[in-house]
Amino acid sequence: MIVKIEAYIREDKMEDVIDALATIDIHGITCYQVMGCGSQHGVKEYTRGKQEVELHLLPKIKIEVLLSTEKCEQRVIDTIQKAAYTGEKGDGKILSYDVRSAMRIRTHETGPEAIQPSD
Amino acid sequence: MIVKIEAYIREDKMEDVIDALATIDIHGITCYQVMGCGSQHGVKEYTRGKQEVELHLLPKIKIEVLLSTEKCEQRVIDTIQKAAYTGEKGDGKILSYDVRSAMRIRTHETGPEAIQPSD
Amino acid sequence: MIVKIEAYIREDKMEDVIDALATIDIHGITCYQVMGCGSQHGVKEYTRGKQEVELHLLPKIKIEVLLSTEKCEQRVIDTIQKAAYTGEKGDGKILSYDVRSAMRIRTHETGPEAIQPSD
Amino acid sequence: METGSTAYILICSTLVLLMTPGLALFYGGLVRRKNVANTMLASVFTIGTGMVMWMLFGYSLSFGTDHCGIIGSIEWIGLNGVSLTEPYTNGSQISNMTFCIFQMMFAVITPALITGSVAGRMKFKSLVIFIMLWSIIVYYPVTHMVWGNGGFLKKLGALDFAGLGLHVTSGVSALVLCILLGRRYDFKATNYRIHNIPMVALGSFLLLFGWFGFNSGSALGINGTAVHAFITTAVSAAAAMLAWMLCDIILIGKPTLIGASTGIVAGLIGITPGAGYVPVWAALVIGLTTSPICYFMISCVKKKFGYDDALDAFGCHGIGGIWGGICTGLFASTSVNSAGSDGLFFGGVKLFFIQLAAIGIMIILAIAGTFFCYGITRVFGKIRVEEHDERIGLDRSELGESAYPSFNGLD
Amino acid sequence: METGSTAYILICSTLVLLMTPGLALFYGGLVRRKNVANTMLASVFTIGTGMVMWMLFGYSLSFGTDHCGIIGSIEWIGLNGVSLTEPYTNGSQISNMTFCIFQMMFAVITPALITGSVAGRMKFKSLVIFIMLWSIIVYYPVTHMVWGNGGFLKKLGALDFAGLGLHVTSGVSALVLCILLGRRYDFKATNYRIHNIPMVALGSFLLLFGWFGFNSGSALGINGTAVHAFITTAVSAAAAMLAWMLCDIILIGKPTLIGASTGIVAGLIGITPGAGYVPVWAALVIGLTTSPICYFMISCVKKKFGYDDALDAFGCHGIGGIWGGICTGLFASTSVNSAGSDGLFFGGVKLFFIQLAAIGIMIILAIAGTFFCYGITRVFGKIRVEEHDERIGLDRSELGESAYPSFNGLD
Amino acid sequence: METGSTAYILICSTLVLLMTPGLALFYGGLVRRKNVANTMLASVFTIGTGMVMWMLFGYSLSFGTDHCGIIGSIEWIGLNGVSLTEPYTNGSQISNMTFCIFQMMFAVITPALITGSVAGRMKFKSLVIFIMLWSIIVYYPVTHMVWGNGGFLKKLGALDFAGLGLHVTSGVSALVLCILLGRRYDFKATNYRIHNIPMVALGSFLLLFGWFGFNSGSALGINGTAVHAFITTAVSAAAAMLAWMLCDIILIGKPTLIGASTGIVAGLIGITPGAGYVPVWAALVIGLTTSPICYFMISCVKKKFGYDDALDAFGCHGIGGIWGGICTGLFASTSVNSAGSDGLFFGGVKLFFIQLAAIGIMIILAIAGTFFCYGITRVFGKIRVEEHDERIGLDRSELGESAYPSFNGLD
Ligand SMILES: Nc1ncnc2c1ncn2[C@@H]1O[C@H](COP(=O)(O)OP(=O)(O)O)[C@@H](O)[C@H]1O
Ligand SMILES: Nc1ncnc2c1ncn2[C@@H]1O[C@H](COP(=O)(O)OP(=O)(O)O)[C@@H](O)[C@H]1O
Ligand SMILES: Nc1ncnc2c1ncn2[C@@H]1O[C@H](COP(=O)(O)OP(=O)(O)O)[C@@H](O)[C@H]1O
């Protein structure tokens, strides 16, 4: 069975999360910048003099990790949680989804093999 | 139970959708720019003189909203639909997915609590 | 039933994949640039003189395609696989997910109709 | 034709010319991503219209033989008879054509300043018509009045070294125009964040670079005044940069690059009217005061009155210019420039009131002229774009291009 | 050595130098994201090769003692004996070395123009070899012919104020080279959208800025001709900008910033050959006509024949230059510049045909030279990159760097 | 006051001024996205502080009546008594104020160079304090020593045409400062990829553009030396560009745009001390050697010693400047400039050792001065930002703005 973990995290925690995942031998990662809001309602900024601007959407990073075993899932979630934690609003969320099928383009492998690291 | 709503919408409808969601008390949102095509086949543009360029992929916004109750789901979908509607090709799609598990990084909360607004 | 195909592919294969999908009459596509790593561990580059930089995350394209029939799914996956293939590490993965519900904003259509091409 | 002076003024002309693209970057960086190309084109199309009009009749109307102290003549239509080697005025170090070239660059940049207040909502076509009319109705007369032989403000004794009339009229017109147009539809709702700060900074530095040509070149030759105007310009810009950063630190806790860039421009505007008349220490004072005044206008007054001067064309150019004109009335000194007069600070009460009067006249001219031009422009169709076009951005709706198609991001 | 003139020409030299980076931005903004750094380096490496070659033997070959009216000598190898204070020609206001410096900047920018037509598919190594050969085989001779003492086109009476030979040869060579190379593999399939419009605009404005040094400086001193060339340059650029915007409005319904930027450059090219010879009104005519002609070439002719002149090096520089040369034959007037001749319009049939002949000779030289240089370059390896390298972009394949690694987006 | 020379030096002053924004783009493009605005502001705030300090007391301390050969006086406080028309030194072609203006631009750019080594981790407040102190403690004295009337290095016979002292002191101070500050916390872990290569290239070309004002203007008038310094500057920059590209090709297999840009700057630094003293062929040698030396420092020595000179302020400016000073001792020739001396290559052993001694003294002064200024700066609070602030980037933590809010991407 394959699951996909998605996490919305702070920009400055990305490197920490990637490093933390590497320590538990997770190397397959995809990430990109997104804009988000939530409990953290956005910030007030000033621009050019004291002209207020309200920024609803703040930059966040979304990380996607594909995993092949359920046992692993919890460990990965915990690792990300620890690495991305600051305790302030805006730390983000970690989600997991079921994946129906997977295939590695290079090898035609399907199922769990498709996403296991290969050399 | 948690669901994730994803919507592909027009760029210029993003602010409307966010505002509309705020009126039904949905504040947790993540969004980013994507490029897409569909029924709207792309446009012909001219560049530098009358040199035609065919643009298959047009800029769209993808919005992701996590929700904790099924009742809410339909309301959110309807709200987005209304706010993003123009009636022209290219308005986009709204999808929903099942989420296996969710965790709020800041509080360790899991399940529906993880994505409910908190203060 | 609706499924969503997601694929992480090489940047320079994007046009090929889109063209290949067009040949099997798939025109609805959404894509965006992401950064990823996996079996392809990243590259060493030099910057300004011979100062080494290790780049873990490499640019990739993520493609999302919504489909309405299961038969079609395998065909689409195969088409993408063929078009995105180089045989070198870093070719990427193709995944599929179940979609709970779908709606076309322009027409209110739900279910498979929502994502079928329309004129 | 003195060679050193001619070389200087020709090069200064290119520097002044570069200010218009500098302004385009300055303004372009400040707007949202969806309006970048439109804002930039709005600033630079005056290179086309301004130069062609100047050549066809503008120079003649501005500097031709005086009529009533208000406007020139049509003797130099098409630059016919403008001498390449003989001077405009007796004793001038540069030839008539060289003077025409230098002044042409002013006629290009001045209307471009106005476009900042209406960014994001004015039809491009209407903007072009308005700007062309404004040049004729407001700019040529005001230029003639302050700089033309026989211009009545000049005869009155009003001092405008390098561009009091120009900043006051463009700034005030910008204010009137933005009020006539109304606010952007999402003025309150959305954040108008600056989309590209390095671009704004680059723009302001090109403005700084070109402004030395603007001010020092206004000595119209190599002489002590040119050198003096150079140093006062530098000192005022530097002081205003520091003053703006200080305002930022005091009021929002941190200096900003945007603030520093805006401060430089404010300081340059402030010193322009008096660059060749005030002593060096006064340039320091002008720089240090112009920034806080503009800062206050932008931060408080604009908010209070709720007009949507999008890129602060009035808040910077109008206010800075007016303040600079007043400061000239305060600090001008005949010991610096015998062609000037003594300001209030040096006992010259008269100059001070002449300056106030001149500024008043310019404001009135600008307001009346703007209403007039606006009225005529309306004859040619709607001036404001549709709400939908405003939403998708003027790049797509007015120009059909998008500034950065290969970069993702939310506007 | 006259100080005002020397000051002017030295500053003009720096202005002309800035045109090369301006071109790099202009070209760099026009290409796809994956080819930006490569395209920019292709434009600017000529600063290195062009200057070093010019110092070693280029100046000598171009302006040394005449041989058969075709090429100079090797007397000034390494700039030995080029005087810092004595003039190149008797009566010149500037010294030989100053002239050499000014001309050096022309030798830098000219070959850079060519690189626009082959963007996105030529090996960098081959490009360097080709450009270096081309400078020797085509550029130095053509420069000598039109400007060198004893050059045969000069003796014939052909008029080239600031760069007819330069634009015609580089433009035609660009065409030949892009045909020899073949089209980009996805020429038809993909959209070649401009990746960064503000960058294109900035590039074109730096070109405009520098072009005043180019044209006005070609008077080689401060005199009436310098002033005249300045005003004609401004008028033509402005008129061409408006003309291009008008073409855009008529044909595609909207003006564009890209169009305005391209128009300015077209107008500058068009006026270059005649800047110091034609009257001001003719500059207006030249500006107004050059844009539509280039517009037509780019929009229709290029499409019709299907050659892949990627950034319109031929469509703008070649065609604009040829048209400018013809216009010089039409509008040149001895009343403007006694060193020139009268064009067809002023009854001078002879000049007109001399101009045509000169252009013809330049075209032949450019075609033959390009074939020759191409042939030699092939000896050093494949000239075109592999398809795979073209796909991933020349930034990665040829330079190993990517222009904007921290920005997401689809190319 | 000679008009041609004055025109030249005033324009050169604006060119030198533009170098500071050029540096801001150069440095700003090299850093990560999260530090762009901070890095740019760090480079340009010296326009504010440098100019105001120069006007208040800097010029007087640097060029006022000599005290012990080390520092000037306070006679020209506030530029009082600095003549607009009378020369600084007898026989000078430009006036005292013109000289003051030209030198002011040097006082602006020099401290800005230092900021490159500490990018990404120094508090902005501390940086401002440090830079202001450094100007007084290190820059004014060193300027007086090499260029002031009575300066002891000048009397000793050390040759510094346009900026040996300036590059050596700023480069060495940059090294000391970055060692005192420590490395960026993730110096080893992360990739410090260049975030915007076209921006770096544009910056380096603006530096090139302005550098002609810097070097050629240092002849302080229009004369043979100005022309000579112009050509040597061009040749050295071009040669160094090619040399760097060659190093890239040999060592990493491909030329890069970053390499070409860095090479140009290296070549400019290398020729600066000797621009008006060495023959043209020596400029070629200097250009060809400076690049490999800087290349080696950046690639190997820096790695070996592990100091975090973020943008290679020492590796380029310090090393390039020192090498340039040595080359002046090698290649200076009285046949080029009778005001100079003969270098080792022309039999002048003495000059060579004087140059070495002068460089040694400058290095010592820079090290001592940096320690001193650092010590005082610490009194005003922590000099380095918190780790968290470093992580989120200095744009957000120090300035509260982000450079490109509308563009997505991973830093
Ligand atoms: N309901 C939601 N749907 C989609 N994304 C969300 C949702 N809630 C939060 N996010 C994402 O997570 C980020 C951080 O969440 P936020 O609620 O602000 O803080 P916290 O998780 O600490 O309560 C947001 O910026 C947004 O990108
Ligand atoms: N089958 C699909 N798969 C993925 N994305 C799609 C699909 N169909 C549409 N989209 C996304 O929705 C956007 C709008 O859809 P489109 O089909 O053009 O218009 P409409 O929904 O009005 O028929 C597209 O630009 C694309 O981003
Ligand atoms: N486990 C994973 N989770 C998320 N994304 C992955 C994972 N593995 C690979 N990817 C994505 O696919 C891309 C290519 O995968 P990679 O493992 O490097 O090559 P291959 O699929 O050829 O073995 C990566 O750059 C990354 O974006």
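Since this is a predicted model, take the numbers as computed values, not measurements. Sequence positions are assigned chain by chain, starting from 1 and proceeding in written order. All chains are assigned letters beginning at A, and all ligands numbers beginning at 1, according to the order in which they are written. It should be noted that, the model being predicted, local features are given only for residues of pLDDT at least 70 and side-chain atom pairs only at 80 or more, the latter also being counted only at that level, while totals for whole chains, interfaces and linings use all residues. Computation of side-chain values: all heavy atoms of the structure, hydrogens and water removed.

K.L.:
Can you tell me about the side chain of K4 of chain A, naming the residues and giving the values?
P.N.:
Counting from the N terminus, the helices are the DSSP runs of H or I reaching at least four residues and the strands are the DSSP runs of E reaching at least two. Within the secondary structure, K4 of chain A sits in strand 1 (residues 2-10). Engagement of the side chain of K4 of chain A in a polar contact is seen with the side chain of E6 of chain C, the distance being 2.8 Å. Apart from residues no more than four positions distant in its own chain, K4 of chain A is found in contact with E64, V65, L66, L95, S96, Y97 and V99 of chain A together with E6, Y8, K62 and Y97 of chain C. Polar contacts, as counted here, are pairs of nitrogen or oxygen atoms within 3.5 Å of one another; within protein the pair requires one atom able to donate a hydrogen and one able to accept it, and residues that are adjacent in sequence qualify only if both atoms are side-chain atoms. By definition, residues are in contact when any of their heavy atoms lie within 4.5 Å.

K.L.:
Please set out the site of ligand 1 residue by residue, giving values where relevant.
P.N.:
Whether a residue is near a molecule or strand depends on its heavy atoms: if one lies within 4 Å, it is near. Contacts to ligand 1 come from 20 residues, most closely from S39 and K93 of chain A together with T30, R104 and R106 of chain B. In this structure, G92 of chain A approaches ligand 1 through a main-chain N or O atom, which is 3.3 Å from an oxygen atom. Between a nitrogen atom of ligand 1 and a main-chain N or O atom of L66 of chain B, the distance comes to 2.8 Å. Think of it as three bins: nonpolar holds Ala, Val, Leu, Ile, Met, Phe, Trp, Tyr, Cys and Pro, charged holds Asp, Glu, Lys and Arg, and polar takes everything else, Gly as well. Grouping the amino acids of the shell around ligand 1 by side-chain chemistry returns 5 nonpolar, 8 polar and 7 charged.

K.L.:
Residues and numbers for the relation of the copies chain E and chain D, please.
P.N.:
Once turned by 120 degrees and shifted 0.0 Å along the axis, chain E lies on chain D with an RMSD of 0.0 Å. Such values leave the two copies arranged in the relation of a three-fold axis. If distances are taken from each C-alpha of chain E to the rotation axis, the shortest is found for G4 of chain E, at 2.3 Å. Copy-to-copy alignment: least squares on C-alpha atoms, limited to residues at pLDDT 70 or above in both.

K.L.:
Give a detailed account of helix 7 (residues 197-217) of chain F, specifying residues and quantitative values.
P.N.:
Residue and element names in this part refer to chain F. The terminal C-alpha atoms of helix 7, which comprises 21 residues, lie 30 Å apart, in line with the 30 Å expected from a rise of 1.5 Å per residue. What the bend at a residue measures is the angle between two axes, fitted to the seven residues ending there and to the seven starting there. At G210, helix 7 shows its strongest bend, of approximately 30 degrees. Buried residues are those whose accessible area, probed at 1.4 Å on protein chains only, stays under 20% of the maximum for their type, while exposed residues exceed 50% and partly exposed ones sit between those limits. The buried fraction of helix 7 amounts to 21 of the 21 residues, a majority that puts the element mostly inside the structure. A helix is expected to reach a length of 1.5 Å times the quantity of its residues less one.

K.L.:
Summarise helix 4 (residues 124-147) of chain F; cite the residues concerned and give the values.
P.N.:
Bending of helix 4 of chain F peaks at approximately 40 degrees at the position of S135 of chain F. Taken across its 24 residues, helix 4 of chain F has 19 buried, putting it largely inside the fold.

K.L.:
Break down the site of ligand 3 for me, citing the residues and quoting the values.
P.N.:
Near ligand 3 there are 20 residues, and of these T30, R104 and R106 of chain A together with S39 and K93 of chain C occur at the shortest range. This site is not confined to one chain, since residues near ligand 3 come from chains A and C. Between L66 of chain A and ligand 3, the recorded distance is 2.8 Å, taken from a backbone N or O atom to a nitrogen atom. Sorting the residues of the shell around ligand 3 by element identifies strand 2 (29-37) and strand 5 (58-67) of chain A together with strand 2 (29-37) of chain C as the ones contributing at least two each. Looking at the shell around ligand 3, the element that brings in the most residues is strand 5 of chain A, giving 3 residues. Classifying every residue of the shell around ligand 3 gives 5 nonpolar, 8 polar and 7 charged.

So, to be careful, I would describe these as geometric facts and stop short of saying anything about function.
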